[in-house]
Amino acid sequence: MLSIRQLSIRSGAKKLVDNVSLSIREGDWYALVGQSGSGKTLLSQAIGRMLPPNLQAEGSIFYKERDVLALSSEQMRTIRGSKLSYVFQDYQGSFTPFRTIGQHFEEYQKAHGCFDSRARQRNALDALDSVGLDESVYKRYPFQLSGGQLQRVSIAVALLLSPDLLIADEITTALDSVSGHRIMEFLAKRQKETGFAILFITHDWRPVKRYANRIAVMKEGQVVEAGEKEHVLDHPQHAYTKQLINAAPTLDRVLAASREEAEIV
Amino acid sequence: MKLLTVKNLTKSYQGQKTAVHPLSFDLHQGECLGLVGESGCGKSTLARCLLRIETIDGGSIYFKNEAIERLNERQLHAYRQKMQIVLQNPSAALNPKLKIKDSLIDPYEQYRKELSLRYFSYTSKKAFIKQLLDAVQLPESLADRYPHELSGGQRQRVTIARAISIEPELLVLDEPTASLDVISQGAVLALLAELRLSLNLSYLFISHDLAAVAQMSGRILVMKEGRLVDQFHRDQLMSDERHPYTKELISIFSS
Amino acid sequence: MKGWSLPWPKANKRRWLGAVAWLCVLLVGIVAIYAFFVLRHDPTLTNLDHRLQGGSLQHPLGTDQLGRDVLTRLLLGGQQTIGYSLLALTVSLVIGIPFGLISGFRRGLVDRIFMRIADGFLAFPDTIVAIVLSGLLGAGIGNLVLAIVIVKWVSYARLVRSTVLAESQKDYVLIARTNGLSPGKIMRKHLFPHIAGHVLVLASLDLGKVILLISAFSYIGLGAQPPTPEWGAMLNDARPYFQSKPEFMIYPGLAIVVTVLLTNMLGDYLRDRFDVKKEVQS
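Being a predicted model, the structure only gives us computed values, none of them experimental. Sequence positions are assigned chain by chain, starting from 1 and proceeding in written order. Numbering of ligands from 1 and lettering of chains from A proceed in the order in which they are written. With pLDDT at 70 or above as the cut-off, local features in this predicted model cover only qualifying residues; side-chain atom pairs require 80 or more to be listed or tallied, and sums for whole chains, interfaces and linings still use all residues.

Colleague: Is there a simple way to explain the overall build of chain C in this structure?
Modeller: Counting its secondary structure elements, chain C contains ten helices and zero strands. Numbering of helices and strands starts at the N terminus; helices are DSSP runs of H or I of at least 4 residues and strands are runs of E of at least 2. Overall, chain C shows an N-to-C arrangement of helices and strands of α-α-α-α-α-α-α-α-α-α. A residue is called partly exposed when the number of other C-beta atoms within 10 Å of its own lies between 12 and 20, exposed at 12 or fewer, and buried at 20 or more, with C-beta atoms placed from the backbone. Classification of the 282 residues of chain C by burial places 41% in the buried group.

Here is the structure:
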């Protein structure tokens, strides 16, 4: 459905993303794992043609037979939001502080051509319900909600027009593990209901292991390893992937280690 | 021996609901006590109360059997040398306008009169800073740099070096790896584990990451909405006796 | 001071502007000081036989309407103008910076009281204060400086206060306090480097304004009194002779314009140099 072919992004002479190719099929949960500076965010921005103006992109990104990089801005605008939507890390910054959540929904729908106000409200309340938030959130202001709640609203808005691809850029990085887990559960649930694909960008593969089916590892602008989740995580080939997997503690490893200690004793 | 004893500690913020309900626990010398909970559960508030950065509304805190909850700032000075804190955000914990060496020397300059160092020795500022940077596995050349020239992991190591520079007995670590990338997280945790043994420290390790807490700690406390809901030894983590909330955390972290 | 380095221009082509500005200000300063030793003529000695002469070897810029050497008066005038401007600014800084530091660091009641005082002073526009003071205490450059100080110190206090308010919330100040650093030490070691840049920029931009203010007031007779040489006063003195000897107005006028231009350039350069966003971005 989305096929990135030999994409490079430059700033002057410097290559920030170097010859990356990957493809996302319908219904995939594709995890893109990399540290800050690896180019993963730039890659996601390129898909939506949202790169900062001083960067140039070479190569092609095919969304259903059309090269996104070759489209006009008019055409791009119809795709963004309705076929392709984003959720970002900064949940506070994604909202206008002096407008209620309901007003955000209104604005979004009006921009995409929904003119019936009753339908808009219904859609908004349904969307909130689908991410486990009740109606009272509709009238609240962003500062009255927690990070986890705001992030769920962002997801609800992003999924409002039933896009084919949701790009989630570090959406759980700023949240604690419990809130992050809840977010991912809702995302998985919605995905099962509607079948959209997810490009999940993160620096920490551990929370996403349960949900993703495919993984790509990025380092310094290049994809060093990619494939089905089990292949990459259980049988990593590249040294960097191995380093990434072994770096931070997982409960399984910790428990296995303490069991070994107990056996020795 | 009990290094820290907390009895019925309570804390609430003006006009808001109670942040910490009556809470009691002990911390033994030489151990790493883990505290796990989600954001907003009061664990950071608790940490600040222990260090007397916040005032307490009720209960008592004993450091080596001496009550410290009512001491004034001057009396607390001696205790502050023995209890240090490492916070979550290393960018905010270092003055961006000062070189690393100037940030590192701060605690030593405050406590040098009362201090008798065992692991570090002070011959000159430069030598002292080098020892500190060595202890956290950073090159000496970083001493003359500014915080923005360092990576997140390096900055966190610097804050750790600053905290251990006066050889405290207890280090409270409030989400020390939360702002770091995965690889730096692993490295910093390994460093902390090593330092605890080589400098004979005790830790209160606070995090929302159950895996990290389980790796670092011998005993674990679980906090939810200001209350201590579970307390157990790491080996008992998978036991059936665990509180439902603990079990929920376990399921989140198991894959 | 720890953590604060002199703003030398970096090796960057754009910075030549700054380097030139620095050099010129230095030059002006040196010239003004050296005037003391290089002078051959008494700037106030009148010699009506030699009045209104044009340029010559003895008097490179000629003599004014009372026979005094113009070049000498110009140089000494620079001393007066720039010197008193610097004095006004320095006193404003000496009052404003501690005010802002204490207000921003202590917060609470102290902050509120200090700020109400500052607001009170802010209510006076400098021009009116200068005129009133001159009326009350008599015309003179000292009173002019006083008027300027009364109005200017507040902007420095507020600048310092807002920076201190923002920084003192940060963790590193909390940790410093927890470790027992005294407020004085925190202000000196940790907070001062933050305000130094901003204050320097504001002061260098203000320098131009103050020079103009002093010159303007001296022009209308409320600042430097005769026979003190001062650029604004010299402008005023040369007015009646504008048609016959326009250069007597041009010299001091040009001096004012060039100096103010240079200080503004310096201020712009300093603002660029100190606009270090990198520590915020990382």
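Moving on from the model shown.
Colleague: Where do I start with the pairing of strand S4 (residues 56–63) of chain A in this structure?
Modeller: Across a regular strand the side chains alternate sides, sitting on one face of the sheet and then on the other. All names here are of chain A. In short, DSSP must find at least two bridges between two strands for them to pair. Pairing analysis gives seven bridges linking strand S1 (residues 2–11) to S4, with the strands arranged antiparallel. When the bridges of S4 are listed, Ile9 appears paired with Ala57. For S4 and strand S5 (residues 66–67), the ladder comprises two bridges, and the chain directions are antiparallel. Note that in S5 the partner of Tyr63 across the bridge is Arg66. Here S4 folds back onto S5, and the loop between the two strands holds two residues, one of which, Lys64, carries a positive phi near 45°.

Colleague: Would you mind showing me how to read the packing of helix H4 (residues 126–137) of chain C against helix H5 (residues 141–168) of chain C here?
Modeller: Describing two packed helices takes the angle between their axes plus the distance from one axis to the other. Residues and elements named next belong to chain C. Fitted lines through C-alpha atoms serve as axes, helices being fitted only where they are in contact, and the angles separating the N-to-C directions of these axes extend from 0 to 180 degrees. For the pair H4 and H5, interaxial distance at closest approach is 9 Å and the crossing angle is 140°. By the angle between their directions, the pair H4 and H5 is classed as oblique. For H4 against H5, the interelement crossing comes out right-handed. Residue-level inspection shows Asp126, Val129, Ala130, Leu133, Ser134 and Leu137 of H4 in contact with H5, the latter providing Asn143, Leu144, Leu146, Ala147, Ile148, Ile150 and Val151. Ten residue types, Ala, Val, Leu, Ile, Met, Phe, Trp, Tyr, Cys and Pro, are classed as nonpolar, four, Asp, Glu, Lys and Arg, as charged, and the remainder, Gly among them, as polar. By residue class, the composition of the contact of H4 with H5 is ten nonpolar, two polar and one charged. The cut-offs work like this: below 35 degrees is roughly parallel, past 145 is roughly antiparallel, 65 to 115 is roughly perpendicular, and the gaps in between are oblique. Left-handed is the label given to a crossing in which the near helix is rotated counterclockwise from the far helix by less than a right angle, and right-handed is the label when the rotation is clockwise. Contact criterion: two residues are in contact if their C-beta atoms, reconstructed from the backbone, are within 7 Å.

Colleague: Even after reading the chapter, I still don't get H5 of chain C, so can you show me in this structure?
Modeller: One turn of an α-helix holds 3.6 residues; hence residues three or four places apart share an orientation. Multiplying 1.5 Å by the residue count of a helix minus one yields the expected span of that helix. With 28 residues, H5 of chain C should reach 40 Å at 1.5 Å per residue; the first-to-last C-alpha distance of 40 Å fits that figure. Here the bend at a residue means the angle between the axes of two seven-residue stretches, the one that ends at it and the one that starts at it. Along H5 of chain C, the sharpest change in direction is near 30° and occurs at Ile150 of chain C.

Colleague: Looking at this structure, how should I read the interface of chain C and chain B?
Modeller: By a widely used convention, the size of an interface equals the accessible area lost when the partners come together. With 18 residues of chain C at the interface, the matching set in chain B holds 21 residues. Broken down by secondary-structure element, the contributors of at least two residues to the side of chain C that touches chain B are helix H6 (171–178), helix H7 (183–219) and helix H10 (278–281) of chain C. It is H6 of chain C that provides the largest number of residues to the side of chain C that touches chain B, a total of six residues. When grouped by side-chain class, the residues that make up the side of chain C that touches chain B number six nonpolar, seven polar and five charged.

Colleague: Sorry, what's going on with the interface of chain A and chain B here?
Modeller: Taken together, the 23 residues of chain A in the interface contact 24 residues of chain B. For the side of chain A that touches chain B, the elements supplying multiple residues, two or more each, are helix H6 (177–194), helix H8 (239–247) and helix H9 (251–264) of chain A. Looking at the side of chain A that touches chain B, the element that brings in the most residues is H9 of chain A, giving six residues. Of the residues contributing to the side of chain A that touches chain B, the split by class is nine nonpolar, nine polar and five charged.

Colleague: In this structure, what is going on with the sheet that holds strand S2 (residues 14–24) of chain A? I would like to understand it.
Modeller: Adjacent strands of a sheet pair through backbone hydrogen bonds, lying either parallel or antiparallel. One open sheet holds the four strands; their spatial order is S2-S1-S4-S5 (chain A), and the pairing between them is antiparallel. Both outer strands of the open sheet, S2 and S5 of chain A, are each paired with one neighbouring strand and no more.

Colleague: Can you walk me through the arrangement of the chains in this structure?
Modeller: Sorting the two pairs of chains in contact by contact count puts chains A and B at the top. With no contact formed, the shortest span from any C-alpha in chain A to any C-alpha in chain C equals 11 Å.

Colleague: Explain the nonpolar core to me, please; I cannot follow it from the model alone.
Modeller: Ranked by internal contacts, the top residues of the largest apolar core, which has 149 residues, are Ala161, Val172, Leu204 and Phe205 of chain B together with Leu144, Ile148 and Val199 of chain C. Here this core takes 17 residues from H7 of chain C, the largest share from any one element. Beyond its immediate chain neighbours, meaning those up to four positions away, Val199 of chain C contacts Leu93, Ile97, Tyr156, Leu159 and Val160 of chain C. In this structure, Ile4, Ile101, Ala158 and Ala248 of chain A belong to the second largest nonpolar core, which totals 71 residues. For the purposes of this analysis, a nonpolar core is taken to be any set of buried Ala, Val, Leu, Ile, Met, Phe, Trp, Tyr and Cys residues that are connected through C-beta atoms within 7 Å.

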